[in-house]
Amino acid sequence: MNNSGIGVFDSGLGGLTAVKSICRELPKEDIVYFGDTGRLPYGTKTEETIKQYAAADIRFLLSRDVKLIVIACGTASSVALSDMRNMFDIPIVGVVEASCMAAVRACRNGKIGVIGTAATVKSGSYLKGIKAQDSSIEVFSNPCPLFVPLVENGHFDTEVTRLVVEEYLQTMKENNVDTLILGCTHYPLLEKAVARYMGDGVTLINPCAELAATLPGILGKDNLASRNRGGICENYVSDDPEGFAELGGVFLDRKIDGQVKKIDIEKY
Ligand code: DGL
């Protein structure tokens, strides 16, 4: 048993989609969330910068005495996971592996689509993860850079969203993928528009939900599960706590409880 919290970080607000799934799977675990809102976006940065940011994010979470680190960010999971595992002596999980397994399980026609940030697609992380499960599967990857600002500005299912969805996903449709990984924290919020465009025959995979479903097993295996905790979530950001509290509620699907605190991430 270990009553410390689970540390979760993302480049900003999007990782709250992971917190939502983790709270559902593990209602008794406390969570310490860090959103690096001051340095967002990660998806357009170089590998070196993303690794440097991820290391600082983890050092901050370790200062809050967490027992497990969840990299909720698709970009940081894709680019930095193995380096972070080598650097830190704490279990660290990312969002790529569980979603690749779920996609391979769901796929029936041997064609999987992956969408994410430019850095995620460039890293080839999902391609490698899928091929490691089944090398015969064809993988089609596409960056969708406008999806993040659409979500952050509340365009979940508006006319402009529909146009951008069509622009980015047309090739996925032409390539006849039957499974599509929404490989970025923000994309599950566009699920309705994406599902409508791709049609009923296409299974959408939400990496944060897939990852959350694996956590009870990971905690159980290492004897890390909490007992008698209240499922409290502490939120930290590197910029604008008010903005986080406001839009964060949309990602979390409920009001953010308690105060959101601003920290100086440059110190970590
Ligand atoms: N959180 C990032 C991801 O999941 C998206 C936003 C960004 O580019 O930082 O890839």
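About the thresholds
- Residues numbered from 1 in each chain as written.
- Predicted model: local features only at pLDDT ≥ 70, side-chain atom pairs only at ≥ 80, totals over all residues.
- Heavy atoms only, no water.
- Helix = DSSP H or I, 4+ residues; strand = E, 2+ residues; numbered from the N terminus.
- Salt bridge = Lys/Arg side-chain N within 4 Å of Asp/Glu carboxyl O.
- Buried < 20%, exposed > 50% of the residue type's maximum accessible area, 1.4 Å probe, protein only.
- Contact = heavy atoms within 4.5 Å.
- Polar contact = N/O pair within 3.5 Å; in protein donor to acceptor, adjacent residues only side chain to side chain.
- Near = heavy atom within 4 Å.
- Areas by Shrake-Rupley, 256 points an atom, 1.4 Å probe, with all protein chains shown as cover.
- Nonpolar A, V, L, I, M, F, W, Y, C, P; charged D, E, K, R; others polar.
- Axes fitted to C-alpha atoms, helices over the stretch in contact; angles between N-to-C directions.
- Parallel < 35°, antiparallel > 145°, perpendicular 65-115°, else oblique.
- Left-handed = near helix turned anticlockwise from the far one by under 90°.

Caption draft 1: Structural context of unusual backbone geometry. Cis geometry is adopted by the peptide bond preceding Pro41, which originates at Leu40 and carries an omega value of 0°. Structurally, Pro41 can be placed in the loop between β2 (31-35) and α2 (47-63). In this structure, Asn176 is a non-glycine residue whose phi angle is positive, near 65°. Of note, Asn176 is situated in the loop between α8 (159-174) and β7 (179-182).

Caption draft 2: Region of the structure containing the pattern of salt bridges. Counted under the stated rule, the structure contains 13 salt bridges. Linking Glu138 and Lys111 is a salt bridge whose minimum nitrogen-to-oxygen distance equals 3.9 Å. Note that Glu138 is positioned in strand β6 (residues 138-143) and Lys111 in strand β5 (residues 111-116), a separation of 27 residues in sequence. Here Glu138 falls in the partly exposed class, since its relative accessible area comes to 40%. Where Glu159 meets Arg162, a salt bridge forms, and the shortest distance between an N and an O atom there is 3.4 Å. Here Glu159 pairs with Arg162, and both are found in helix α8, just 3 residues apart, close to one helical turn. Classification of Arg162 by relative accessible area gives partly exposed; the value is 33%. Through salt bridges with shared partners, one network takes in Asp157, Glu159, Arg162 and Arg196.

Caption draft 3: Highlighting helix α4 (residues 96-106). The complete set of buried residues in α4 reads Val96, Ala98, Ser99, Cys100, Ala102, Ala103 and Val104. Among the structural elements, α3 (74-87), β5, α6 (125-133), β7, β8 (203-205) and α10 (207-221) are those in contact with the buried residues of α4.

Caption draft 4: Structural view of the side chain of Thr185. You can see Thr185 is positioned in the loop between β7 and α9 (191-198). Side-chain polar atoms of Thr185 contact the side chain of His186, separated by 3.1 Å. Leaving out residues up to four positions away in the same chain, Thr185 has contacts with Asp10, Gly14, Gly15, Thr17, Ala72, Cys73, Gly74 and Cys208.

Caption draft 5: Geometry of the site of the ligand. Residues in close proximity to the ligand total 13 residues, the closest being Asp10, Ser11, Tyr42, Gly74 and Thr75. Within the side chain of Asp10, one N or O atom sits 2.7 Å away from a nitrogen atom of the ligand. At 3.0 Å, a side-chain N or O of Thr185 approaches a nitrogen atom of the ligand. For the ligand, whose free accessible area comes to 290 Å², the fraction covered by protein is 98%. Residue classes in the shell around the ligand are distributed as 6 nonpolar, 6 polar and 1 charged.

Caption draft 6: Representation of the packing of α4 against α10. Where α4 meets α10, the axes come as close as 8 Å, and the angle between the chain directions of the two elements is 105°. What the angle tells us is that α4 and α10 run roughly perpendicular. Listed contacts from α10 to Ala98, Ser99, Ala102 and Arg105 of α4 are Pro207, Glu210, Leu211 and Thr214. Across the contact of α4 with α10, the residue classes break down as 4 nonpolar, 2 polar and 2 charged.

Caption draft 7: Structural detail: the packing of helix α1 (residues 16-25) against α10. With their axes 8 Å apart at the nearest point, α1 and α10 run at an angle of 35° to one another. When you trace α1 past α10, the crossing you get is right-handed. Here Thr17, Ala18, Ser21, Ile22 and Glu25 of α1 come into contact with α10, specifically with Cys208, Ala209, Ala212, Ala213, Leu215 and Pro216. When grouped by side-chain class, the residues that make up the contact of α1 with α10 number 8 nonpolar, 2 polar and 1 charged.

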